[in-house]
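Single-letter residue listing:
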Amino acid sequence: DPSLIILGENAPEAAPERIRQELGLDDPIVIQFWNWRTNAITGDLGKSFKSGEAVVSILMDRIPVTLELASLSLVFSVVIGVPLGMVAAIRR
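Quick caveat: nothing in here was measured; it's all calculated off a predicted structure.

A. Spatial organisation of the layout of surface pockets. Quantified by volume, the largest pocket comes out at close to 540 Å³. In terms of lining, the largest pocket is formed by 18 residues, of which the most central are L23, W36, G46, K47 and F49. Of all elements in the fold, only α2 (14-23) and α3 (29-41) reach the threshold of two or more residues within the lining of the largest pocket. Tallying contributions element by element places α3 first for the lining of the largest pocket, with four residues. Here the residues of the lining of the largest pocket are counted per class, giving seven nonpolar, seven polar and four charged.

This is the structure we're talking about:
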């Protein structure tokens, strides 16, 4: 439950319900999905439950490392895969 993540396990009984209401978690799932989809289309992915930081800024912070890992894996796959493919083609 996101309200328990935000408040912690030792929260008062009324607090989780208040958080659920503020976040719209008490709405039907169809309404929750529609709200999320509408916000996502406009670039608003919400806030992290753990840090409270905008999800878009968290993703933007991690994109350079992700691209670096993807590029490195592509280089390794080409450097290893092409020679192995050539050997497999030559030695049937």
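B. Quick look at α3. A rise of 1.5 Å per residue sets the reference length of α3, with its 13 residues, at 18 Å; its end C-alpha atoms lie 18 Å apart and thus fit the reference within 8%. One or two positions beyond α3, positive phi appears at G43, with a value near 95°.

C. Looking closely at helix α4 (residues 55-90). Along its 36 residues, α4 runs 50 Å from first to last C-alpha, staying within 8% of the 52 Å computed at 1.5 Å per residue. Along α4, the largest kink reaches about 40° and is centred on I63; proline P64 follows within four residues of it.

D. Quick look at the pattern of salt bridges. Applying the stated rule across the entire model yields two salt bridges. Residues E17 and R20 are paired through a salt bridge, measuring 3.3 Å at the closest nitrogen-oxygen approach. One end of the pair is E17 and the other is R20, both in helix α2 and three residues apart, which spans about a single turn. Classification of E17 as partly exposed rests on a relative accessible area of 42%. With relative accessibility at 23%, the residue R20 sits in the partly exposed group. Between E22 and R18 there is a salt bridge; the shortest N-O distance is 3.0 Å. Of this pair, E22 and R18 both sit in helix α2, four residues apart, roughly one helical turn. Since its relative accessible area comes to 56%, E22 is described here as exposed.

What counts as what
- Residues numbered from 1 in each chain as written.
- Predicted model: local features only at pLDDT ≥ 70, side-chain atom pairs only at ≥ 80, totals over all residues.
- Heavy atoms only, no water.
- 1 Å grid on protein atoms, 1.4 Å probe; cavity = no way out; pocket = protein on both sides within 12 Å on 5 of 7 lines; lining within 4 Å.
- Points joined across faces, edges and corners; volume = space filled by probe spheres on them.
- Helix = DSSP H or I, 4+ residues; strand = E, 2+ residues; numbered from the N terminus.
- Nonpolar A, V, L, I, M, F, W, Y, C, P; charged D, E, K, R; others polar.
- Expected span 1.5 Å × (residues − 1).
- Bend = angle between axes of the 7 residues up to and from the residue.
- Salt bridge = Lys/Arg side-chain N within 4 Å of Asp/Glu carboxyl O.
- Buried < 20%, exposed > 50% of the residue type's maximum accessible area, 1.4 Å probe, protein only.

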